[in-house]
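# Architecture and fold: a report
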Amino acid sequence: MLKHLHMTVAVISILLFTFRFALTLANSNKLSLKWLKIAPHIIDTLLLGLGIALAIKLSINPGEQLWLAEKIFAVFAYIFTGYYTLKLARNRTMQVIGFLGAIGWIMLIVRIAISKETVFLAGL
Ligand code: HEM
């Protein structure tokens, strides 16, 4: 139940980010819609909160299970790369590069979530 909620919120976060990226490329003024400004903050806070709640419930400690530490790092990197793409990147090329970077982090997150193994911290 908690796990499905967690996965649903993660999918919404990725969809919202992709939607806002598309609006940015299209120079759409929909980007200033109030719900589109507020919803991502709520969703991303929920994403972290639900992930932490799940880890506590299943007694998974990131200090012992390194895959979780790596996943949390990757989630912060995804959120920052998303912020870069939508706010800091000054032109289309930088926005596209930022978007591809964020997709790369998502691929790492999903891989770690499913395999429950470290990728970059492998061997530790
Ligand atoms: C974009 C962000 C995230 C995505 C796409 C994601 C995806 C997933 C998926 C697909 C699963 C189910 C894996 C499976 O059992 O088959 C899962 C489980 C889990 N996730 Fe996440 N997650 C994200 C963020 C987080 C964060 C931020 C945390 C912790 C702070 C977290 C902690 C966990 C835990 C503890 C489980 C349960 C593992 C288990 O069943 O043993 N996740 N996640």
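Residues numbered from 1 in each chain as written. Predicted model: local features only at pLDDT ≥ 70, side-chain atom pairs only at ≥ 80, totals over all residues. Heavy atoms only, no water.

With 24 residues, helix 2 (residues 34-57) extends 34 Å between its outermost C-alpha atoms, agreeing within 8% with the 34 Å of an ideal straight helix rising 1.5 Å per residue. Of all the residues in helix 2, the buried ones are Leu 36, Ala 39, Pro 40, Ile 43, Leu 47, Leu 50, Leu 54 and Ala 55. Residues of helix 2 that are buried in the fold lie against helix 1 (2-25) and helix 3 (66-88). In the stretch just after helix 2, Ser 59 is the one whose phi turns positive, near 55°. (Helix = DSSP H or I, 4+ residues; strand = E, 2+ residues; numbered from the N terminus. Expected span 1.5 Å × (residues − 1). Buried < 20%, exposed > 50% of the residue type's maximum accessible area, 1.4 Å probe, protein only. Contact = heavy atoms within 4.5 Å.)

To continue, consider the coordination of the iron atom of the ligand. Those donors, His 6 (NE2) and Lys 71 (NZ), are the protein atoms that reach the iron atom of the ligand, and they lie 1.8 to 2.0 Å from it. One can describe the site at the iron atom of the ligand as octahedral: its six donor atoms subtend angles covering 85 to 177° at the metal. Residue His 6 is found in helix 1, and its partner Lys 71 is found in helix 3; the two are separated by 65 residues along the sequence. (Donors = N, O, S within 2.8 Å, 3.2 Å for Na, K, Ca; no water. Tetrahedral: all angles 85-135°; square planar, octahedral: opposite > 155°, others 65-115°.)

To continue, consider the UniProt feature "transmembrane region" (unreviewed entry) in the protein chain. Taken from the UniProt record, the annotation "transmembrane region" (unreviewed entry) applies to residues 6-26, 38-60, 66-84 and 96-114. Helix and strand shares over residues 6-26 are 95% and 0% respectively, and the end C-alpha atoms of the span are 30 Å apart. Secondary structure over residues 66-84 splits into 100% helix and 0% strand, and the C-alpha atoms at its two ends are 27 Å apart. (UniProt positions renumbered as here; feature names shortened; annotations may be inferred.)

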